[in-house]
Every structure is written in structure tokens, then in C-alpha cells.
Amino acid sequence: MTLREDRATMPRSESHQPQALGWPEARATARAAGRPLPVVSRTLHHARDHVLARPIVALTDLPSFDTSAMDGWAVAGPGPWRVRGRLLAGEAGEGIGVMRDGDAVEIATGARVPRGATAVLRSEQSRVEGRTLFGDVHIQQGTDIRACGQECRRGDELLPAGTTVTPGVTGLAAASGYDELVVVDRPRVELLVLGDELLDSGLPREGRIRDALGPLITPWLRTLGADLLRVRRVGDSLDTLRGHVSASRADVVITTGGTADGPRDHVHPLLADLEADVLVDGVAVRPGHPMLLAHLPGERPGAGRYLVGLPGNPLAAVAGMLTLAVPLLRRLSGRPEPRPRRIRVGADIAGHPRDTRLVPMRADRPLAFSGPAMLRGLAVADGIAVVPPGGVRAGDRVEVLGAPR
């Protein structure tokens, strides 16, 4: 039954009495709601923050030939040696030929080691008299030579599918011979910040307050691998909100505020008008109880479109992000679910009688200023503790989620 059909069967005063899901069930529902977006090919410069759809398999040995690890001399056999040439990085060394015992060739870091060389003697460990090279130390065979295939052999799997593409990944891919990577497309997200009372700049005044959620959520979405299309300020009008959501080309529309049932809360009426499939309508969590997740038919093949409704209070909105938006975006972008992190808390943490609490933490201690509208605790937090109903005692283990970064 759609929300519109559900509302049509009851009077307005009873039209919105959602059955709140437990916090674990809500997170699982959000992750199960989506599936990875289509696979695309991206150049190395544009693959950053995507997730590999296929493993990176070495296209060549690394190094692909024996190279010098130092500036110095490629030598063959025991010294002293007779100097017979020079090699720089990028040169084939065809004029050098095969080295024989007693030969030495000046060589630069990264240059190809000539055939027949047994070691590289560092510049600072040698001296030259005329055309004769002497070593100040005894060197073993293979010293300061990076052997062909030392890091990997052609065909070795270097990174599995599901790996997030970082600068290190693109560097390894380039060294291995890749120009493009096959990745899962990033979810397109639009953020709609609702509320006539919000200001973009300056001090709060005349009953209006600063928008904290746009600056908080926008950079966080980028770290989650989302392609943020735009951030819009939307006044408290159902028609305006409907127009923005209907026109959006985002895979996920995230709204802030308007998820309760007050006179200026328009998200539920919007979903009824759009005949949305409401997957989560309220979660048994504090703060953030009136959060929601809905599915809207859309263009993207096999994925459709989603709306995540966050409460308007800042810490409650963070709870909504962690509960619904983060699992959904991870799923759409192909990111695996991280392994749960659990710690022993260093102090008692009070719980709600029935609901899960999400509490900002620093190290093993809960932080003050953790009310739904407060940000001081979150600003210095390095994690968010998941406190079960009834609370926990000092020494108990709790799951800790990553704080916004």
C-alpha cells in the first residue's frame, strides 16, 4: 500500500502514525533497498572515489625490468672495475651491451640495469681514479638492484573488486599499465535544505537561525563517494518541494527537516502525492526518531530513485545520515559494509528505556552537548557510539560508527 492509499483510509488526525523500526532493522532496510549502480569506465584522473567493479590485475611485471635503486655504478663481478659508459633513466642501454666481470657503468636511479651486472655500487661508496672504479665497501650480488617482478608478476591480482579508488590505487594502476578503470558509477545526490527560518550567512536574527546542515552534510556526502549535483534552499511550501523533487535527476534526494507531522512539515504529504513506496517511516533511535526512506520510480536502470528524509535538528540529522543515507549510498556505490568497530567505554552511558541512542564519543568517553540540536560534541567527536536501550556501564563494549569527516 502506498502512503497515499494509507492516508486515504483515515482522517487527518490519525493519518500519520508510523510504526517505527528498530535501529538495526532500519539500517538493514536502507542497505537492502538499493543495489550497485551501473558499471562504467573512467580514466585514472576521473576514477577517484569510485569503487572498482573488477579487480586490478597486473598487465606487466613490476618492475618490468631490472632497475637501479640508487645513483651510482652498475658493476659486474669483483672490483676494481673499468668504467665503460653511462646510463640514465629512460635509456635502453643498447650501446652498453652485455657487461663482463670487471666492467662498470655509471647509472642513475630508475635506469635499466645492463645484462651481466651483478650489483649497483652507490656513488657515495665509491671513488674513480682515471678510468678505474674502486669500492669502499664490500657489496653482495643484487645489492641496490630492483629485480624484475619484485613487486608483482603479470597476471597477479593487485586489488580486488570493491576497493575504493584512492590516489594510491590510481598510482598503482598507472604503474601496472592501466589508462582507465572499470568502476561502479557514483550515486548522484541532491540536498534540499528545508525551512523558511534558515539563513545562509551572518548572525541569527529576528527569529531566524543559521543553516548548519548544508555545511555539515555537503562535504560528508563527498567523502561517501557521492556525486553531489547541487544544494538547494527550499522554503516551507509543499508545491515548491514537489517541484524540486519531481525535477531532480539525482539517484538520491536528501531533505533536511519537515519529516514530522506539523503544519510546515511537508515531506509526508509529498510522498503521498508522489505515491512513493515508503520503506522506513520513523526509527526507534534518539536523536533522529522522525527520519524516513522512500523509493521513487526513476531513470537509472535497475535502481530507481530514493528520498532520504532527515530531521531538522543537526545531531538528529547526523543520526539519520548514519542510519539511512550512509548504508544506502554505500550499497549504490558498490562499497562493502565496513566491519563493525567495538570499543570498551570508559564511563557509564545512559540509555533510553526503549530506543537506541547515538552518542558522540572521543576515544572511550561520551561527550557533553549531545542534544538533538547541539553540535559542540559532534565537532570534536571521533566516533558515534550505538547505545542499546537501557544504557551501558563502564567497561562494556559498544559499536562505534565513524563520525562525519
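Think of each chain on its own: its residues are numbered from 1, step by step along the sequence as written. Restriction of local features to residues with pLDDT of at least 70 applies here, the model being predicted, together with a cutoff of 80 or more for giving and counting side-chain atom pairs; totals for whole chains, interfaces and linings are based on all residues. Computation of side-chain values: all heavy atoms of the structure, hydrogens and water removed.

**Quick notes on the environment of Gly-309**
Note on placement: Gly-309 falls in strand S23 (residues 305-310). Type-normalised accessible area, obtained with a 1.4 Å probe on protein chains alone, sets the label of each residue: buried when under 20%, exposed when over 50%, and partly exposed for intermediate values. By relative accessible area, Gly-309 is classed as buried at 0%. Spatially, the C-alpha atoms of Gly-309 and Leu-292 are 5.0 Å apart, while their sequence positions differ by 17 residues. Contacts are assigned to residue pairs that have any heavy atoms within 4.5 Å of one another. Setting aside anything within four residues of it in sequence, one finds Gly-309 in contact with Thr-255, Thr-259, Pro-290, Met-291 and Leu-292. Working definition: helices are DSSP H or I runs of at least four residues, strands are E runs of at least two. Numbering for both runs from the N terminus.

**Here we look at the pattern of salt bridges**
Salt bridges are defined as contacts in which a side-chain nitrogen from Lys or Arg sits within 4 Å of a carboxyl oxygen from Asp or Glu. A full pass over the atoms with the stated rule returns 22 salt bridges. Residue Glu-129 is joined to Arg-127 by a salt bridge in which the shortest nitrogen-to-oxygen separation is 3.4 Å. Between Arg-230 and Glu-190 there is a salt bridge, with the nearest N and O atoms lying 3.5 Å from each other. Here the residue Arg-230 occupies a position in strand S18 (residues 227-234), and Glu-190 occupies one in strand S15 (residues 188-194), the gap between them amounting to 40 residues. Taking the relative accessible area as the measure of exposure, Arg-230 reaches 34% and is therefore partly exposed.

**Quick word on the nonpolar core**
For our purposes a nonpolar core is just a set of buried Ala, Val, Leu, Ile, Met, Phe, Trp, Tyr and Cys residues, chained together by side-chain atoms within 4.5 Å. The biggest cluster of nonpolar side chains holds 44 residues, and the ones touching the most others in it are Leu-221, Val-252, Ile-254, Val-308 and Met-321. Contributing elements (two or more residues each) for this core: helix H2 (23-33), S15, helix H4 (213-223), strand S19 (252-256), strand S21 (283-286), S23, helix H7 (314-332) and strand S27 (383-387). For this core, the element with the most residues is H7, which contributes 12 residues. Apart from residues lying up to four places away in sequence, Leu-221 is in contact with Val-189, Ala-226, Leu-228, Ile-254, Met-321 and Leu-329. Within the second largest apolar cluster, 15 residues are counted, among which are Leu-241, Val-245, Leu-270 and Ala-294.

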